[in-house]
Structure formats: C-alpha cells, structure tokens
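# Topology and contacts: notes
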Amino acid sequence: NAWPTDVVRTLSETIPCVSIQYEYPQIPMDIIGVDENQGISLLMDHLYMRGHTQIGFFGRCGQVVTARNRFAMYVNSLCRLGLEFCPENVCDLSPSTLEDKEFELRGQLERVSDRMQNGVTAWICANDWVGYLLCRGLLNQGHRIPGDVSIAGFDNSEDNTIGCPRLTSVSVPALRIGAEALRRLLRRIRHPKSPPLKVLLPVQLFEAQTTGPAPKR
C-alpha cells in the first residue's frame, strides 16, 4: 500500500529511497513500477476481440493511485477502440476494499447486475482481489462466468480466489521489480544528486477461466 506522504518525505530527506509502484507528488524520488497502460490495453483488446463492446470498470477510486491510473487507461482504451464511455458502467470502491482486502461490497453487486441487464458483458477490475470479490458475488447470484459475463483483473498475484475460477489478468514481473528497485537504490547511494528516474516494466496478458466470447443477447 501507499505510505503517508509525510512519512515518505521524511524518509527520502534522510536516507536513499526508491518507491515501488507508488508516486508521491512533489517528492522527487526514484520509482520502479509496471506499465499499467500496456496492461489495461492488453485486457481491453482481449475482450474486444471476443466480441465485447460494452465493458465496465469495477474499482474506480481516486485515493488509490493504481486504481486511478487503470481507470484512466480504461477510458483511453474505450476511445481508441471506438467504444462509448458510459459513466453508469463504472463502479466505485473504497480504498479499504482495494488495498486492505475487505470482503464487503456495499451495493456494487446490484449495480453490476443492473448494468448486465443493460448490455454490459464484461468487466475490467482494478486488481485481482476485487475481481475475485465480483466473481464470488455473481456466482452466488447464479450467474455463469464467463457464460453470462467475462471478468478480468490486474496483477495475477492473488492467492485467495474465494473458490472462484482462475481470473484472467495481467502478470507483473515481481522478481524483476525487486531486482530493479535494488539496482536503482544502489545507484542512488552512489550518486545521491542524480535526477530521479521512473522505470515502468512490461507486463503480460494471463488468459485464464473468467473471460470468453460475448454472450448472445
């Protein structure tokens, strides 16, 4: 999770620091992350090629930078693919659900079911955890996944599937992220005055059991 900004500022002014994934505005520091733009583009193309033209986003949250970035690229991809952006096809979630893995969904399942009745056939989720929460909720309601609706996540790092099929997702190079962060930290120790650097590592599509062709209406 992201650290409090004042803590990060104090640390970065005291010792060499590198941030993994999270950006802290107004604090100049090295960042090692993944190419979230590439990841969402891969997922959107994957769904579009299977006939999905009404795709929702599950997990928008302005307080969580990863959810914010992934939502922005979702909108970007809709425009690139010539698909209409519909605000009703977006479900907001709290930071605690996204980052602290709370189980409770407050009204979001009803919204998702309503949008499915209005033609939404697939959902991009802000991360794998909320993807599995959505899967579990829809399965409990009797929906077939991916027969009735396709669901995709992001990270491919969640072990707790809550009894759901393995989620189609985006795999991030976790070991390489750690190695690059250590490499950058050593360079920062040797060259403390060098300008901060942001490195985004490529991701890969992980096609699993929760996405399929768009259902016939």
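Our subject in this report is the structure included herewith. Remember, it's a predicted structure, so these values are computed and weren't measured experimentally.

### Observations regarding the nonpolar core
The nonpolar side chains of a soluble globular protein tend to be buried, and buried together. In terms of nonpolar packing, the biggest core is built from 52 residues, with F58, Y74, W123, I124, L134 and L138 touching the most fellow members. Counting residues per element, this core draws most heavily on helix α6 (residues 128–140), which supplies 7 residues. Excluding residues within four positions of it along the chain, I124 makes contact with I40, L43, M44, L47, I55, G56, F57, F58 and A152.

### Here's the deal with the sheet that holds strand β2 (residues 30–34)
A sheet is described by the order of its strands in space; here 3 strands give the open sequence β1-β2-β8, paired in parallel fashion. Two strands close off the open sheet at either side, each with one partner strand: β1 (18–20) and β8 (198–201). The mean angle between the axes of side-by-side strands here comes to 15 degrees, regardless of whether they run parallel or antiparallel. Relative to the sheet, helix α7 (residues 174–190) contacts β1, β2 and β8, its axis offset from that of β2 by approximately 170 degrees.

### Points about helix α2 (residues 36–48)
Between its terminal C-alpha atoms α2 stretches 18 Å, which fits the 18 Å expected from 13 residues at 1.5 Å a residue. Residues of α2 that are buried include every one of E36, G39, I40, S41, L43, M44, H46 and L47, and no others.

### Brief notes about the pattern of salt bridges
As enumerated under the stated definition, the model contains 12 salt bridges in all. Among the ionic pairs, K198 bridges to E23, the shortest N-O distance being 2.5 Å. One end of the pair, K198, is in strand β8; the other, E23, is in the loop between β1 and β2, and 175 residues separate them in sequence. A salt bridge links D30 to R184; its shortest N-O distance comes to 3.3 Å. Separated by 154 residues along the polypeptide, D30 in strand β2 and R184 in helix α7 bring together distant segments of the chain. Looking at R184, the relative accessible area reads 12%, which means it is buried. Where salt bridges share partners, they join D30, R184 and R188 into one cluster.

### Examining α6
The end-to-end C-alpha distance of α6 is 18 Å, a good match for the 18 Å that 13 residues give at a rise of 1.5 Å each. Taking burial as the measure, the 13 residues of α6 include 10 buried ones, the bulk of the element. Every buried residue of α6 is accounted for by D128, W129, V130, G131, Y132, L133, L134, C135, G137 and L138. The inward-facing, buried residues of α6 contact β3 (55–60), α4 (95–99), α5 (108–117), β5 (122–125), β6 (150–152) and β7 (169–171).

Calculation criteria
Residues numbered from 1 in each chain as written. Predicted model: local features only at pLDDT ≥ 70, side-chain atom pairs only at ≥ 80, totals over all residues. Heavy atoms only, no water. Core = buried A, V, L, I, M, F, W, Y, C linked by side-chain atoms within 4.5 Å. Buried < 20%, exposed > 50% of the residue type's maximum accessible area, 1.4 Å probe, protein only. Helix = DSSP H or I, 4+ residues; strand = E, 2+ residues; numbered from the N terminus. Contact = heavy atoms within 4.5 Å. Pairing = 2+ DSSP bridges. Axes fitted to C-alpha atoms, helices over the stretch in contact; angles between N-to-C directions. Expected span 1.5 Å × (residues − 1). Salt bridge = Lys/Arg side-chain N within 4 Å of Asp/Glu carboxyl O.

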